[in-house]
Amino acid sequence: MLSTRYKAAKFAIYVLVLLALTVMQNTPGLFAIMNIKPMLAAAMAISIAMFEGELAGGFMGAFAGFCCDLFSSYSFGYYTLTLFFFCVTIGLLVQSYMRPVVANAILFTFITMAVIQWIGFFFSFLLWGYEGAGRYYLYRLLPMCIYTAVSAAPLYYLTRMIHGTFQKKILAA
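Analysis parameters
- Residues numbered from 1 in each chain as written.
- Predicted model: local features only at pLDDT ≥ 70, side-chain atom pairs only at ≥ 80, totals over all residues.
- Heavy atoms only, no water.
- Helix = DSSP H or I, 4+ residues; strand = E, 2+ residues; numbered from the N terminus.
- Buried < 20%, exposed > 50% of the residue type's maximum accessible area, 1.4 Å probe, protein only.
- Phe/Tyr/Trp six-rings, centres within 6.5 Å; stacked < 30°, edge-to-face > 60°.
- Lys NZ or Arg CZ within 6 Å of the ring centre and 35° of its normal.
- Contact = heavy atoms within 4.5 Å.
- Salt bridge = Lys/Arg side-chain N within 4 Å of Asp/Glu carboxyl O.
- Expected span 1.5 Å × (residues − 1).

K.L.:
Which parts of the structure should I look at to understand the environment of Ala12?
P.N.:
As for its placement among the helices and strands, Ala12 is situated in helix 1 (residues 2–25). Ala12 gets classed as partly exposed once you look at its relative accessible area, which sits at 37%. Spatially, the C-alpha atoms of Ala12 and Ser72 are 24 Å apart, while their sequence positions differ by 60 residues.

In structure tokens, the structure reads:
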């Protein structure tokens, strides 16, 4: 019974952190470098998926995607579906083949963001033949993917700390 409470508390903290990161990533001027901002909630969801596995990671990815969708210019639900898919995949990869280390977190975050932004860019800009679409991808979306990947390192350590703290309590209960 006590371990269930610890698990619920752990996921409540994850949800609160994701909400706080969503507010921070959408605050005007905060974390902006040359008017480019990272998607912190997505990077946190990927780190959670690495530690918690495919089921919990998928749900946290869907929640983080929903938070990102609230402030996105893409169709509503786009980030929810794509982050759910990528977090489930990452959770399965880490459980079966890879280790949850910071280098993998950065790599997974960059690949996830690059693919998600490329798909969105293709259907929103490239398919319509907008003038200067390539420059937009090269100077706005790609740097945002790199910035998000770099910001995944501290979020990885935060997730590892939360996961480790609660795992000790869950195993002791």
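Now that the structure is up, let's keep going.
K.L.:
Can you help me understand the packing of aromatic side chains in this one?
P.N.:
Any two aromatic rings considered together are summarised by their centre-to-centre distance and by the angle between their planes. Throughout the structure, instances matching the rule amount to twelve aromatic pairs. For the ring pair Phe11 and Tyr14, a centre distance of 5.6 Å and an interplane angle of 70° mean the geometry is edge-to-face. Of this pair, Phe11 and Tyr14 both sit in helix 1, three residues apart, roughly one helical turn. Since its relative accessible area comes to 22%, Phe11 is described here as partly exposed. A network of ring pairs unites the aromatic residues Phe51, Tyr156 and Tyr157 as a single cluster. Directly above the aromatic system of Phe166 lies the positively charged group of Lys169, at a separation of 5.7 Å from the ring centroid.

K.L.:
Looking at this structure, how should I read the environment of Ile162?
P.N.:
Relative to the elements of secondary structure, Ile162 occurs in helix 6 (residues 133–172). Exposure remark for Ile162: the relative accessible area of 7% places this residue in the buried category. Sequence separation of Ile162 and Tyr14 is 148 residues, and the distance between their C-alpha atoms is 8.3 Å. Those residues in contact with Ile162, other than ones at most four positions away along the chain, are Lys10, Ile13, Tyr14 and Val17.

K.L.:
Is there a simple way to explain the pattern of salt bridges in this structure?
P.N.:
Side chains that differ in sign of charge can pair as their charged atoms come close. Here the structure, examined in full by the defined rule, presents one salt bridge. Across the salt bridge formed by Glu52 and Lys10, the nearest N and O atoms sit 3.1 Å from each other. Separated by 42 residues along the polypeptide, Glu52 in helix 2 (residues 40–52) and Lys10 in helix 1 bring together distant segments of the chain. Taken as a pair, Glu52 and Lys10 share a single burial class, namely buried.

K.L.:
Sorry, what's going on with helix 1 here?
P.N.:
An α-helical segment advances 3.6 residues per turn. Residues three or four places apart therefore align on the same side. Taking 1.5 Å of rise per residue, 24 residues should cover 34 Å, and helix 1 covers 35 Å from first to last C-alpha, within 8% of that figure. Buried residues along helix 1 sit against helix 2, helix 3 (54–69) and helix 6.

Read these as layout, nothing more, since geometry by itself doesn't imply function.
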